[in-house]
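The residues making up each chain are set out below.
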Amino acid sequence: ETGVTQSPTHLIKTRGQQVTLRCSSQSGHNTVSWYQQALGQGPQFIFQYYREEENGRGNFPPRFSGLQFPNYSSELNVNALELDDSALYLCASSLGSGQETQYFGPGTRLLVL
Amino acid sequence: ILNVEQSPQSLHVQEGDSTNFTCSFPSSNFYALHWYRWETAKSPEALFVMTLNGDEKKKGRISATLNTKEGYSYLYIKGSQPEDSATYLCAFKATDSWGKLQFGAGTQVVVTP
């Protein structure tokens with residue numbers, strides 16, 4: 001296993017609600033990246049946090065936001081949930097944002113009804 | 001090619017046979033190419049990070065090659081075993097993309113005894 005943990009493992013929400021997903025990075029890693037994987041697709045980059053600052057963002061609306069804490073754990077918040085937000089959300093930790101390997105957690109499965 | 005494409009989408013292999021599959025990626029602004037193995041209900045497992053044209057990497061019975069000038073990478077599995085059954089993902093990193101990994105949709109490999 002990678003040492004990256006995510007909670008919760010599964011979640012069911014209804015349209016319009018808000019959700020917070022959590023990620024604990026591998027020991028010593030200062031960078032966390034978040035990805036969304038919809039059915040049948042590869043993971044899509046949402047954003048990355050490096051030392052508590054957003055370091056890059058993919059093509060996701062502002063209702064997707066995040067935080068990184070001093071211990072480098074991270075949260076992904078999604079407001080005003082839509083049906084299309086149903087997906088597997090993966091976080092990955094790394095030491096820096098260069099060539100370094102990103103180590104993934106097992107993901108949080110979100111279902112929006 | 002603007003996106004990352006993997007082929008085939010899936011393949012079935014008899015135990016003991018060797019197999020290979022392809023990842024195609026943009027040939028400009030290349031920074032790194034990552035390979036992951038993802039077994040059901042587990043975290044994606046990092047296999048290789050490849051950075052130089054002509055790179056060859058090996059881990060046990062799995063190996064990979066890289067051609068950055070034409071934008072492709074091959075992953076090979078020699079003497080496939082049932083435990084090799086997984087989805088294999090490649091991810092392209094561009095020079096101007098911070099920590100963003102751009103994933104293909106994966107090749108699902110099923111090894112039958």
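Up top is the structure.
Residues numbered from 1 in each chain as written. Chains lettered and ligands numbered in written order. Predicted model: local features only at pLDDT ≥ 70, side-chain atom pairs only at ≥ 80, totals over all residues. Heavy atoms only, no water.

## Some details on the interface of chain B and chain A
Think of interface size as the accessible area that goes away when the parts come together; that is how it is often given. The interface is formed by 18 residues belonging to chain B together with 25 residues belonging to chain A. Both faces considered, chain B and chain A share a buried interface measuring about 1700 Å² in area, 60% of it formed by carbon and sulfur atoms. Summed over the shared surface of chain B and chain A, the result is 0 salt bridges. Applying the counting rule to chain B against chain A returns 3 residue pairs in polar contact (both at pLDDT 80 or more). Broken down by element, the side of chain B that touches chain A gets its largest block of residues, 4 residues, from strand β4 (residues 30-38) of chain B. A per-class count over the side of chain B that touches chain A returns 11 nonpolar, 5 polar and 2 charged. (Contact = heavy atoms within 4.5 Å. Buried area = accessible area lost by both parts, 1.4 Å probe. Salt bridge = Lys/Arg side-chain N within 4 Å of Asp/Glu carboxyl O. Polar contact = N/O pair within 3.5 Å; in protein donor to acceptor, adjacent residues only side chain to side chain. Helix = DSSP H or I, 4+ residues; strand = E, 2+ residues; numbered from the N terminus. Nonpolar A, V, L, I, M, F, W, Y, C, P; charged D, E, K, R; others polar.)

## Quick look at the sheet that holds strand β6 (residues 56-59) of chain B
Residue and element names in this part refer to chain B. Pairing within the open sheet is antiparallel, and its 5 strands lie in the order β1-β3-β8-β7-β6. In this open sheet, the two strands that pair with only one neighbour each are β1 (5-7) and β6. In this sheet, adjacent strand axes meet at a mean angle of 15° when their direction is disregarded. Of the pairings in the sheet, the one linking β6 to strand β7 (residues 62-67) comprises 4 bridges and is antiparallel in character. Residue K59 lies in a different strand from β7, and its bridge partner there is I62. (Pairing = 2+ DSSP bridges. Axes fitted to C-alpha atoms, helices over the stretch in contact; angles between N-to-C directions.)

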